[in-house]
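Understanding the architecture of this molecule
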Amino acid sequence: MQTAFRTAHEQATARAVAGEVATAAHPRPEIYVAVHKGLRAAMGHVLATIGRTDPADPIELAAALADLRGLLALCSSHLAAENSHIHAAMEARRPDSAAHTADDHLDHEHAIARLEDAAREVEASHGALRADALLALYRRLALFVAENLVHMQVEETENNAVLWAEYSDAEIDAVHDAILASLAPEKKAAFMRWIIPSVNAAERAAMFSAMRRKAPPEAVDAMLALARRHLPERDWVKLMAAIAPA
Ligand SMILES: [Fe+2]
């Protein structure tokens, strides 16, 4: 007699075979994880930087606000890429499936504009008012980071489930390649500065191996220079060992 309830393992295996989940036995392409690890690291770094910045030190303040503006530029370009490539792909095969995170993106665009306003208020104020404005900016950024952490979790679970169910691995890889091709070299470098040191050794090795297959040698050399600058020695040695010619 067929049992009415399958074990959780059997259900997960059946769903993996159907392409709806990724497991160790049935890995699916992770279109989000590397860039999100980089963004999480950048957000944490800039939030901590703004929190410790001395409002009475104009040099320190200018550097912190430059870091903030760099982060906001990354966030804007990231959500634009998701809208035009990932959400478009989701909507093409499952209408309305991107509605949740598309709404989030509208909120994020608004929040980014308010953070830019708050940064200008810090610059325009003086003395005790500047300290207050900087604290207000710090708290506003903390809420933005919190919202983004929740949002990225939704993308990595719910949106990935849609992509995995509706698209083959090769098709998802093609969406990822289209995103990379749409970025100017300087923008790509700005993302990779955070992605390279934020993924783990195996992810980093796979990323550089793919880069060697798909990108021109000078582009790979530029990324290796970034890696040399931003990776701890132990990670650099692992990367060199992983991608050394056999
Ligand atoms: Fe997003």
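Scoring rules and cut-offs
Residues numbered from 1 in each chain as written. Predicted model: local features only at pLDDT ≥ 70, side-chain atom pairs only at ≥ 80, totals over all residues. Heavy atoms only, no water. Core = buried A, V, L, I, M, F, W, Y, C linked by side-chain atoms within 4.5 Å. Buried < 20%, exposed > 50% of the residue type's maximum accessible area, 1.4 Å probe, protein only. Helix = DSSP H or I, 4+ residues; strand = E, 2+ residues; numbered from the N terminus. Domains from an automatic or database assignment. Contact = heavy atoms within 4.5 Å. Donors = N, O, S within 2.8 Å, 3.2 Å for Na, K, Ca; no water. Tetrahedral: all angles 85-135°; square planar, octahedral: opposite > 155°, others 65-115°. Buried area = accessible area lost by both parts, 1.4 Å probe. Salt bridge = Lys/Arg side-chain N within 4 Å of Asp/Glu carboxyl O. Nonpolar A, V, L, I, M, F, W, Y, C, P; charged D, E, K, R; others polar.

1. A word on the nonpolar core
Where a protein is soluble and globular, its nonpolar side chains tend to be buried together. Counting 47 residues, the largest nonpolar core has I50, L68, L137, L141 and F208 as the members making the most contacts within it. Secondary structure elements with two or more residues in this core: α2 (33-52), α3 (58-93), α4 (99-124), α5 (127-166), α7 (185-198), α8 (201-214), α9 (217-230) and α10 (233-243). The two domains that each donate at least three residues to this core are domain 1 (26-183) and domain 2 (200-246). With sequence-adjacent residues up to four places away left out, L68 is seen in contact with V46, I50, L115, A119, L137 and L141. The next biggest cluster of nonpolar side chains, apart from the first, holds 14 residues, and it includes A81, V162, W164 and Y167.

2. Brief notes about the coordination of the iron ion
E82 (OE), H105 (NE2), H151 (NE2) and E155 (OE) make up the full set of protein donors to the iron ion, lying at 2.0 to 2.3 Å. Metal-centred angles of 79 to 165° between the four donor atoms at the iron ion mark the site as irregular. Linear spacing of the donor residues for the iron ion on their chain is E-x22-H-x45-H-x3-E. One end of the pair, H151, and the other, E155, are both in helix α5, four residues apart, so they sit about a helical turn from each other. Accessibility classification places H151 together with E155 in one group, the buried group.

3. A word on the domain arrangement of the protein
Looking at the protein, the domain boundaries give domain 1 (26-183) and domain 2 (200-246). Computed from C-alpha atoms alone, the centre-to-centre distance between domain 1 and domain 2 is 25 Å. On the domain 2 side, the residues contacting the four residues of domain 1 number four residues. Together domain 1 and domain 2 conceal approximately 240 Å² of surface at their shared face, both sides included; 38% is due to carbon and sulfur atoms. Among the residues of domain 1 in contact with domain 2, A34, K37 and D177 are the three that bury the most area, contributing 84% of the side total. Remark: the boundary between domain 1 and domain 2 carries two salt bridges. K214 is paired through a salt bridge with D177; the nearest N and O atoms lie 3.3 Å apart. Take the side of domain 1 that touches domain 2: its biggest share by element is three residues, from α2. Classifying every residue of the side of domain 1 that touches domain 2 gives two nonpolar, no polar and two charged.

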